Amino acid sequence: MEEKDYKHYDAENIQILEGLEAVRKRPGMYIGTTGPAGLHHLVWEIVDNSIDEALAGFASHIEVEILPGDIISVTDDGRGMPVDIHPKTGKSAVETIFTVLHAGGKFDGSSYKVSGGLHGVGASVVNALSEWLEVIVSRNGKKYKQRFERGKVKYDLKESGTSHHTGSQVIFKADPIMFTETTVYNYETLRQRIQQLAFLNKGIKLTLRDKRNEEVIEHVYFYEGGIKEYVEFLNAGKKLIEPKIIYCEGLKENIQVEVALQYNDTYTALVYSFTNNIHTHEGGTHEEGFRLALTRCIKNYATNNNLLKKDEEINNEDVREGLVAIVSIKHPNPQFEGQTKTKLGNTEVRAIVSQLLGETLDRYFLENPNDAKAIIDKCLLASRARIAARKAREATRRKSPLDNLSFASKLADCRCKDPSKSEMYIVEGDSAGGSAKSGRDSEYQAILPLRGKVLNVQKVRLERALSNNEILSMIQAIGTGIGEEFDITKARYHKIVIMTDADVDGEHICILLLTFFFRFMPELIEKGYIYVAKPPLYKAQFGKAVCYAYSDEELEAFKKKYPDRKPDVQRYKGLGEMDPEQLWETTMDPALRTLVQVHLEDATIASQTFEMLMGEDVDPRKVFIQENAHYANNLDI
Ligand code: 1YM
């Protein structure tokens, strides 16, 4: 090597190290968080590369394994990552992919990266944040291997045998120094996203296998019908308005578009849009194009076939009731906008989606007049309900903070009027409400006791929800309004704490409340305003020493601390059994309490989970509760 080249090589090396060092210094900048979401994000970065290879037509099977010690292995049967040496850097392509930031994109610019996580940062970030990472490539009849530790090359890419197939495998262990909260993967989180990826990428087989325990758990997903099967899945167990799924796909200006939709007899809309497999939960131009076409085609058909009575009209809200739809596009150069960068901004997409879906819907209605009629009848019902709901909503609007609050509510407000310092506890039952009122710090803690069962809002229209006293009082107390009028800046508390008994009924009420927030005030969850309080299960007394235990394990640990004494253990069946002082000490005192913040990492998956938990089907709910019972104290939705 000439001296000049040598220097160049050196400089490059330093740059790379600085690059990966930067990732380790500020991991949040690259993966959003080093909490559980960031940990799982590592898996998606690697899987995305395999998905790209499959979308390019070279791989058909992707396997994700969780190995003992929470080591992740991702394998695909594609061409195998390139192993040739880059003439300038003297490094293999593999090494470049794993050591240069943003090297995920193809070098020659001939093809584009279709998939890509929200942060889309590439395999090098995974490498930087792994205690160790190994790449195994099968290509040219050979097997190649390279190992890195905390982003640094442990040994160069080397031949390690022969191979009769091609493909890539990446094995890594997340670095516990970086992921201090946890390095334990949640099977359910991985399973749901892998299933979603299988729905979004028809014809690709995805396998997930958990080998951490003796009993291996495995799920295999393969959907020939892609998003058509996604809609079928979301509508499972529901009564349908039209039996067929309306579907279209097309390619225009290098943008690939796919839409599938079907109506059921409920009142909720599930419209999920994706760009390059990323859930765009703030919507964007693809969703706008979808809505334009749907409203236009339904209105046109209704008008042209004289299905509207005098004074009747259908608007874009009415066509959403009972609608289940997936809009998925693949774009070579997506522009993500919005608060959470999940809103598609490319303006050309609107017309492309609208035109393609428009043609499909017009033809479908023409060929299936009975279905068209059924859909329009459903929209008309919605239109009438909308007008009634508007009237009901007007009744809930609060003019001043304390105006007409009393008629529905038992809110004991706090004195502080600064929302950022104010908290509202939503408490199950009058007696617990009483204890909470006496025990609280009334300067900044408000208490809203709820009586009886909270209405399951998943199953009802907004107007019906608004006729429920418990729900009305919550909306009034929170102050933001609801639906179109929702205004986060009017929130009267920046901490809204759900406090229910630590039993099955309490958990049920908690889920009902979360469903309510999810459906009607999702921004409160997004902003991180919603919390769940964790009351203790036991009070153990050892002479003068008092311990509160929040789990059976904690109780056992306390008992072990005082082996020579016989404890007096009291099991709390409900919050109502605690006196105000105990309730304050254990569950309300900011210095001592445990609050679990409710997250909305992925609204699609959360609402699917909600659907399942709250929907008509009992079986999936049973399975979910059984599988997740041990996560119950880490309520992460
Ligand atoms: C388990 C992870 O990364 N598979 C994978 C990655 C690549 C290829 C094949 C690939 C791409 C191309 C040519 C190309 C990548 N290549 C690159 C880069 N699985 C996994 N499988 N040959 C192989 O796009 O031209 C980045 S990823 F940049 F080198 F082309």
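Quick notes on the rules
- Counting starts from 1 at the beginning of each chain's written sequence and moves along it residue by residue.
- Side-chain atom pairs in this predicted model are given and counted only at pLDDT of 80 or more, local residue features only at pLDDT of at least 70, and totals for whole chains, interfaces and linings cover all residues.
- Neither water nor hydrogens contribute to the side-chain values; these are computed over all heavy atoms in the structure.
- By salt bridge we mean one thing: a side-chain nitrogen of Lys or Arg within 4 Å of a carboxyl oxygen of Asp or Glu.
- Put simply, DSSP marks the helices as runs of H or I at least four residues long and the strands as runs of E at least two long, and each gets a number from the N terminus on.
- Burial here depends on accessible area, computed with a 1.4 Å probe over protein chains only, as a share of the maximum for the residue type. Under 20% is buried, over 50% is exposed, and the range in between is partly exposed.
- Following DSSP output, two strands are said to pair if at least two bridges run between them.
- Any pair of Phe, Tyr and Trp rings, taking the six-membered ring for Trp, is counted once the centres come within 6.5 Å. Such a pair is stacked with planes under 30 degrees apart, edge-to-face with planes over 60 apart, and tilted for the rest.
- Counting as a charge over the ring demands two things of the Lys NZ or Arg CZ atom: a distance within 6 Å of the ring centre and an angle within 35 degrees of the ring normal.

What follows is about the pattern of salt bridges. Under the criterion given, the structure shown has 30 salt bridges. Here R191 ties to E188 by a salt bridge, and the two come within 2.8 Å at their closest N and O atoms. Here R191 and its partner E188 are both found in helix α6 (residues 187-200), three residues apart, which amounts to about one turn of the helix. For R191, a relative accessible area of 13% translates into the label buried. Assessed through its relative accessible area of 7%, E188 is described here as buried. In this structure, the salt-bridge partner of E443 is R415, at a minimum N-O distance of 3.2 Å. With E443 in the loop between α11 (430-439) and β17 (445-450) and R415 in the loop between α10 (369-396) and β16 (423-428), this pair connects stretches of sequence that are 28 residues apart. Judged by its relative accessible area of 54%, R415 falls in the exposed class. Linked through salt bridges whose partners overlap, the residues forming this network are E63, E65, R209, K211 and E218.

On to the sheet that holds strand β11 (residues 270-275), then. What the five strands build is an open sheet, ordered β9-β10-β13-β11-β12; its pairing is mixed. Across the chains shown, the open sheet's two edge strands, defined by having one partner strand only, are β9 (246-252) and β12 (278-279). Pairing of β11 with β12 involves two bridges; the strand directions are antiparallel. Its bridge partner lying in β12, T275 is registered against I278.

This structure, assessed with the given rule, holds eleven aromatic pairs. A centroid spacing of 5.6 Å and a plane angle of 55° characterise the contact between Y301 and F365, whose relative ring orientation is tilted. Taken as a pair, Y301 in helix α8 (residues 285-304) and F365 in helix α9 (residues 348-367) lie far apart in primary sequence, 64 residues in all. You can call Y301 buried: its relative accessible area is 15%. Seen in terms of ring centroids, F516 and F520 are 5.9 Å apart; in terms of plane orientation they differ by 65°. Their pairing is edge-to-face. Pair noted here: F516 and F520 are both in helix α14 (residues 504-520), with a separation of four residues, about one helical turn. A single burial state applies to F516 and to F520, both of which are buried. Aromatic ring contacts, followed pair by pair, group F199, Y221, Y223, Y230, F233 and F274 into a single cluster. One residue, R79, lies across the ring of F58, its end atom 3.7 Å from the ring centre. One Lys or Arg, K158, reaches over the ring of Y155 and ends 4.0 Å from the middle of that ring.

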